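# Reading the structure
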Amino acid sequence: MIRLEGITKSFGSLQVLKGIDLEINKGEIVSIVGPSGAGKTTLLQIMGTLDEPDAGTVEFDGTVVSWMKEKELSAFRNKNIGFVFQFHQLLPEFTALENVMIPAFIAGVSSKEANERALEILEFMGLTERASHKPNELSGGEKQRVAVARALINHPAVILADEPSGSLDTHNKEELHQLFFDLRERLGQTFVIVTHDDNLSKITDRTVNMVDGMIKKV
Ligand SMILES: Nc1ncnc2c1ncn2[C@@H]1O[C@H](COP(=O)(O)OP(=O)(O)OP(=O)(O)O)[C@@H](O)[C@H]1O
């Protein structure tokens, strides 16, 4: 479903990615692990079309995204890729429900449908009672689950998560990890997750090991 071929990327004289070939299949939960500075976040950003490679191609279901113009690309990204970051990045002045609805608005979905979709996802996550709360009225675990709900609202082909449980305690970590598997079970959702958490990488379908800008063959 996602195919990266020959991806290289440098920042100034520092070559961060040195020729990455990687395929992600539909419904897979893949973890990306490796030491700090190995290039994991850079790779995820390129996979998510938030950054451009110096060379190589990123393909989603046969569509090469590097050929798209910026406007077309942001519409494609909004529709096809959900993002979850270490710090939830919810907008503080909006409620949980509104935060979840925002990407649907951007995609041109009617407010009625956006509202229905958001309520349904929040219900699935056991967050109905929290829908009208603002981020500062939610626990860390709840905020991350709202961030996952927001990532899901446009039924993306893939969710890319960068250290999604990095700021959570053990209990909330486990709950969030379980949620990824529940969403795969229920929706066939595909996930690519950068993580330093061995407990998570142990249970994912596949672990991509990055070392010094390359994928380590095991
Ligand atoms: N925009 C940028 N400009 C310059 N250097 C950058 C930029 N983004 C990343 N780097 C450098 O690229 C290297 C790889 O960074 P990256 O964030 O991809 O690593 P990582 O494997 O995700 O690390 P961590 O596990 O610490 O998050 C690092 O040396 C980093 O300092």
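First, a word on what this report is: a plain description of the structure on this page. Treat the numbers as computed from the prediction; the structure is a model and nothing was measured.

### A few points about the site of the ligand
Inspection of the region around the ligand gives Phe11, Val16, Gly34, Ser36, Gly37, Ala38, Gly39, Lys40, Thr41 and Thr42 as its neighbouring residues. Tallying contributions element by element places helix H1 (residues 40-47) first for the shell around the ligand, with three residues. Within the shell around the ligand, the residues separate by chemical class into three nonpolar, six polar and one charged.

### Here we look at the sheet that holds strand E5 (residues 63-64)
Taken in spatial order, the four strands make up an open sheet running E2-E1-E4-E5, and their pairing is antiparallel. Here the strands that pair on one side only, and so sit at the sheet edges, are strand E2 (14-24) and E5.

### Quick word on the sheet that holds strand E10 (residues 214-215)
An order of E6-E7-E8-E3-E9-E10 is seen for the six strands of this open sheet, with the pairing classed as mixed. Looking at the sheet topology across the chains shown, the edges are occupied by strand E6 (81-84) and E10. Where strand E7 (residues 158-162) lies against strand E8 (residues 190-194), five bridges are found, and the strand directions are parallel. Within E8, the position partnered with isoleucine 159 by the bridge is phenylalanine 191.

### Re the packing of helix H3 (residues 96-106) against helix H4 (residues 111-124)
Packing of H3 against H4 leaves a shortest axis separation of 9 Å and a crossing angle of 130 degrees. Between H3 and H4, the crossing angle belongs to the class labelled oblique. Classified by chirality, the crossing of H4 by H3 is right-handed. Taken together, the residues of H4 that come into contact with H3 (itself represented by Ala96, Leu97, Val100, Met101, Ala104 and Phe105) are Ala114, Asn115, Arg117, Ala118, Leu119, Ile121 and Leu122. Here the contact of H3 with H4 is composed, by residue class, of eleven nonpolar, one polar and one charged.

### Some thoughts on the pairing of strand E9 (residues 206-211)
In this structure, strand E3 (residues 29-33) lies alongside E9, joined through four bridges in parallel fashion. Residue pairing in the sheet places valine 30 in a bridge with arginine 206 of E9. Of the strand pairs in this sheet, E9 and E10 are connected by two bridges, and their pairing is antiparallel. Looking across to E10, one finds that valine 211 is bridged to methionine 214. Hairpin remark: E9 followed by E10, antiparallel, with two residues in the connecting loop; positive phi at aspartate 212, about 50 degrees.

Cut-offs used in this document
Residues numbered from 1 in each chain as written. Predicted model: local features only at pLDDT ≥ 70, side-chain atom pairs only at ≥ 80, totals over all residues. Near = placed C-beta within 6 Å. Helix = DSSP H or I, 4+ residues; strand = E, 2+ residues; numbered from the N terminus. Nonpolar A, V, L, I, M, F, W, Y, C, P; charged D, E, K, R; others polar. Pairing = 2+ DSSP bridges. Axes fitted to C-alpha atoms, helices over the stretch in contact; angles between N-to-C directions. Parallel < 35°, antiparallel > 145°, perpendicular 65-115°, else oblique. Left-handed = near helix turned anticlockwise from the far one by under 90°. Contact = placed C-beta atoms within 7 Å.

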